[in-house]
Amino acid sequence: MNDLTALAPHGVSAQSEQGHHPHPDYVAHHFDSAEQQFDAGKLGVWVFLVTEILFFSGLFCAYAVYRGNHPEVFVYAHHFLDKNLGALNTAVLIFSSLTMALAVRAAQLEQRRALIAFLLVTLLCAFVFLGVKYVEYRQKWEHGLLWAGRYHATGQESNHGPEAASADRGAAVAAGPRAGETTPAVPPELPPEATASEDAPRLVGVFFSIYFAMTGLHALHVIGGIGAVTWILARAVRGDFNRFYFGPVDYVGLYWHLVDLVWIFLFPLLYLIH
Amino acid sequence: MKTAESGRQEGFGHVVPLGTLLAVFAALIVLTGITVAATWVDLGSANLFIAMGIAAVKATLVALYFMHLRYDHPFNALIFVVGLLFLTLFLGLTLLDTRQYQPEIQAAVENPV
C-alpha cells in the first residue's frame, strides 16, 4: 500500500527519487502514503463540516424558539413563500448532489472527461439554484416582505396611494388581512386561518428575518461552493487527479453535499409549514 | 470492495456503484414529492414531525451514500454523529425554558415603557 512509487506511474519527480523518502508529486512530503494523505484531509473536512452544522444550528435554534412561541406567525407568513419554486430548488440541489457524487466517482476511476462534465453540470445547477433564489428574493423585495423593521407588506401602496396604504396597514395590524381590496397583493388569496391571530401580522417581519438569514447564509454557501467547484474544475482540466489523488474532489463534494443537507431541512421548515 | 474497471492497480477508497447513486437520487426525489404531498393533508401537529422525519431520512441517505459514510472509516461517522449530538444539546437546552419568558415579553409588548 505504501509502495506507491512502484505501482503509480503518475508524476514521480526526479528529485524525490534522489531523496531518501521517495514519493509521487501529489503526496506531500510529511505523509507516508497517498492514502494516509487522503484520510487526513478527509478527517479535516469532516471536522469542518461539523463546525458548519453548528454554525447553521444557531439559526435553526432561532427558528425553533420563534416557531415554538408564535406558531401562528409561521403559518401566516409561509403563505408568502412560493412552494413550487422551493420544490424546484430542492430538486435542482439534489440533482447537483448526484452529479457531484458522480464527479467524485469519475475522479476515482480516472475518467477525466466525465469528471469535467459532471463538475460543469454541478456548477450549472448551482447557478440555476441562485437564479431561482433571486426571483424569490426579488418578489419579496417588491412586495415589502422584508425583515423585522423593514417589513412593510404589501403591494397595496402602489394600488391605493399612500393614504389608503397607511389606513390599510392600520387595519391589517388590528384585524389581519381580510378578503377584498385590503388583501395584500401577494399572495392573492390568504386562507381564513391566516387571520387567526393578531400576533401574526405584527410579527411577520420576524419570520422574514429568519427566512432571509437562513436562506441567505445558505445561498452564501452555494456561492462558496461555486468557487470551490470552479477550482476543482480548473485542476481537473489541468489533469491533476488520478486514482491515488482525488482527495480535493472528494472534499469539495462533501462540502457540497452538506449544503444540500441544510437545504433538505430548510425547505420543509420554511416553505411547507402546516 | 473494488470495482475492477481495468486491469491496473486499484486506488484506495470505495467507488460507489453507479446504480446505488442513481437509486439514492431517485429515492431523494420521491421523498421530496412525498414531503410536498404531505402538506395537502391536515394531520395537525403530526405534519411537522412527518416533514422532519422525511428530511431526516433524506439526510441519512445523502450522508451514507453521497458522502460515503457507509463505506468510510467509522471515525468520520463518529465525528458527524458527535456534531449532531451537540446540535441536539444546543436546541434541546434552549427550548427547555423558552416559553417561560412569554408572559413578560407579552406584557412589555402591550405596555411599552
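Think of each chain on its own: its residues are numbered from 1, step by step along the sequence as written. Following the order in which they are written, the chains are lettered starting with A and the ligands numbered starting with 1. Only residues with pLDDT of at least 70 get local features here, since the model is predicted, and only at 80 or more are side-chain atom pairs given and counted; chain-wide, interface and lining totals rely on the full set of residues. As a rule here, side-chain values come from all non-hydrogen atoms in the structure, and water together with hydrogens is ignored.

(A) Structural view of the overall build of chain A. Strands are runs of DSSP state E lasting at least 2 residues, helices are runs of H or I lasting at least 4, and numbering of each runs from the N terminus. Looking only at helices and strands, chain A has nine helices and zero strands in total. Seen in sequence order, chain A has helices and strands lined up from the N terminus as α-α-α-α-α-α-α-α-α. When the 274 residues of chain A are sorted by exposure, 55% land in the buried category. Contacts are assigned to residue pairs that have any heavy atoms within 4.5 Å of one another. Nonlocal contacts in chain A, meaning residues at least 24 apart in sequence, comprise 75% of its contacts between residues at least 6 apart. Residue-level accessible areas treat just the shown protein chains as cover; the underlying method is Shrake-Rupley with a 1.4 Å probe. A total accessible area of about 11500 Å² is found for chain A, and carbon and sulfur atoms account for 62% of it. Each residue's exposure class comes from its accessible area (1.4 Å probe, protein chains only) as a fraction of the maximum for that residue type: buried when under 20%, exposed when over 50%, partly exposed otherwise.

(B) Quick peek at the packing of aromatic side chains. Residues and elements named next belong to chain A. Working definition: a ring pair exists when centres of Phe, Tyr or Trp rings (six-membered ring for Trp) sit within 6.5 Å. Plane angles under 30 degrees give stacked, over 60 give edge-to-face, the rest tilted. Counting across every chain of the model gives 28 aromatic pairs over all chains. Ring geometry for Phe129 against Trp263: centres 5.1 Å apart, planes inclined by 90°, an arrangement best described as edge-to-face. A residue pair is termed long-range when its members are at least 10 positions apart, and Phe129 in helix H6 (residues 112-142) and Trp263 in helix H9 (residues 247-271) qualify at 134 residues. Note on accessibility: Phe129 and Trp263 belong to one class, buried. Note on Phe241 and Tyr245: the rings are 5.9 Å apart at their centroids and 25° apart in plane angle, and the pair reads as stacked.

(C) Broad picture of the packing of helix H5 (residues 83-108) of chain A against H6(A). Residues and elements named next belong to chain A. In the contact formed by H5 and H6, the axes pass within 8 Å of each other and the chain directions differ by 160°. The angle between the axes of H5 and H6 places the two elements in the roughly antiparallel class. For H5 against H6, the interelement crossing comes out left-handed. Three categories are distinguished: nonpolar for Ala, Val, Leu, Ile, Met, Phe, Trp, Tyr, Cys and Pro, charged for Asp, Glu, Lys and Arg, and polar for the others, with Gly belonging to the last. Of the residues that constitute the contact of H5 with H6, the class distribution is 20 nonpolar, four polar and two charged. Whenever a helix is involved, its axis is fitted only over the stretch in contact; in every case the axis is a line through C-alpha atoms, and angles between N-to-C directions fall within 0 to 180 degrees. Put simply, angles under 35 degrees are roughly parallel, angles over 145 are roughly antiparallel, angles from 65 to 115 are roughly perpendicular, and the rest are oblique. Two helices cross in a left-handed way if the nearer one is turned anticlockwise from the farther one by less than a right angle. They cross in a right-handed way if the turn is clockwise.

(D) Highlighting the pattern of salt bridges. The working definition used for a salt bridge is a side-chain nitrogen of Lys or Arg within 4 Å of a carboxyl oxygen of Asp or Glu. This structure, assessed with the given rule, holds seven salt bridges over all chains. Among the ionic pairs, Glu142(A) bridges to Arg138(A), the shortest N-O distance being 3.2 Å. Here the residue Glu142(A) and the residue Arg138(A) both occupy positions in helix H6, the gap between them amounting to four residues, near one helical turn. Exposure remark for Arg138(A): the relative accessible area of 44% places this residue in the partly exposed category. Note that Arg235(A) is salt-bridged to Asp240(A), the shortest N-O span being 2.7 Å. Each member of the pair, Arg235(A) as well as Asp240(A), carries the same accessibility label: buried. Salt bridges sharing common partners tie together Lys42(A), Asp250(A) and Asp72(B).

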